[in-house]
Every structure is written in structure tokens, then in C-alpha cells.
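Given next are the chains, with one letter for each unit.
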Amino acid sequence: MSSFLAHKQYVETCVICESLKPKGIHLYTSFICTECENDLIQTDTNDPKYKHFLKQLRKITNPEIFS
Ligand SMILES: [Zn+2]
């Protein structure tokens with residue numbers, strides 16, 4: 001039991017891929033894993049995948065901007 005606790009990994013849920021990842025960055029109160037961060041940087045804004053990222057990221061930011 002004690003060895004299990006000693007090996008406890010610090011993981012957080014990534015808002016993009018919704019998986020538990022040990023490494024990443026914090027954006028506001030949310031967590032983005034390193035893989036998704038790199039993916040996001042490399043994805044062209046015209047790529048449909050980019051829209052998916054934005055959709056996921058929209059969950060993070062509060063809808064304070066009124067269009
Ligand atoms: Zn991720």
C-alpha cells in the first residue's frame with residue numbers, strides 16, 4: 001500500500017483529448033497535455049481539426065465576450 005502511494009503519479013485530465021496525462025500546461029483553470037499543445041501549435045487554422053480544438057478550448061474560457 002505504501003509503495004503504491006510512493007509511486008503515485010501526478011496526472012490531470014486534458015481538456016482537449018479528455019485523457020489523464022502527467023505532463024502539460026495550465027490554461028486558466030484547465031489543463032492541456034503536451035501532446036495536444038504541440039498538436040494545436042502544428043495544426044493549420046484551416047484544418048477541420050483546429051475547429052475541434054477551439055470547441056474544446058471554448059469550454060475553458062467563460063463566455064464573457066458577447067458577439
Ligand atoms: Zn490532451
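Anyway, here's the lowdown on the structure attached to this text. (Residues numbered from 1 in each chain as written. Predicted model: local features only at pLDDT ≥ 70, side-chain atom pairs only at ≥ 80, totals over all residues. Heavy atoms only, no water.)

**Quick word on the overall build of the protein**
Counting its regular elements, the protein contains three helices and four strands. Each helix and strand of the protein, ordered N terminal to C terminal, gives the series α-β-β-β-β-α-α. Taking all 67 residues of the protein together, 24% fall into the buried category. Summed over its atoms, the accessible surface of the protein is roughly 5,700 Å², and 56% of this surface lies on carbon and sulfur atoms. (Helix = DSSP H or I, 4+ residues; strand = E, 2+ residues; numbered from the N terminus. Buried < 20%, exposed > 50% of the residue type's maximum accessible area, 1.4 Å probe, protein only. Areas by Shrake-Rupley, 256 points an atom, 1.4 Å probe, with all protein chains shown as cover.)

**Quick word on the coordination of the zinc ion**
Listed as protein donors to the zinc ion are Cys14 (SG), Cys17 (SG), Cys33 (SG) and Cys36 (SG); their distances from the metal cover 2.3 Å. Classification of the site at the zinc ion rests on its four donor atoms, whose angles at the metal span 102 to 118°, yielding the label tetrahedral. Every donor residue of the zinc ion comes from the same chain, spaced as C-x2-C-x15-C-x2-C. Placement of the pair is cysteine 17 in the loop between strand E1 (12-13) and strand E2 (20-21) and cysteine 33 in strand E4 (residues 30-33), with a sequence separation of 16 residues. (Donors = N, O, S within 2.8 Å, 3.2 Å for Na, K, Ca; no water. Tetrahedral: all angles 85-135°; square planar, octahedral: opposite > 155°, others 65-115°.)

**Observations regarding unusual backbone geometry**
With a phi angle near 55°, glutamate 18 is a residue other than glycine that sits in the positive phi range. In this fold, glutamate 18 is placed in the loop between E1 and E2. Even without being glycine, tyrosine 28 reaches a positive phi, approximately 55°. For tyrosine 28, the location among the structural elements is in the loop between strand E3 (24-27) and E4.

**Some remarks on helix H3 (residues 48-58)**
Those residues of H3 that sit buried are Phe53, Gln56 and Leu57. Axial view of H3: buried residues confined to an arc of 100°, hence all on one face. Of the residues in H3, the exposed ones pointing more than 90 degrees away from the buried face are Pro48, Lys51, Lys55 and Arg58. Among the structural elements, E3, E4 and helix H2 (34-42) are those in contact with the buried residues of H3. Measuring from the backbone nitrogen of lysine 49 back to the side-chain oxygen at the start of H3 gives 2.9 Å, which picks out aspartate 47 as the cap. (Arc of directions from axis to C-beta. Contact = heavy atoms within 4.5 Å. Polar contact = N/O pair within 3.5 Å; in protein donor to acceptor, adjacent residues only side chain to side chain.)

Any functional reading would require information beyond the geometric quantities listed.
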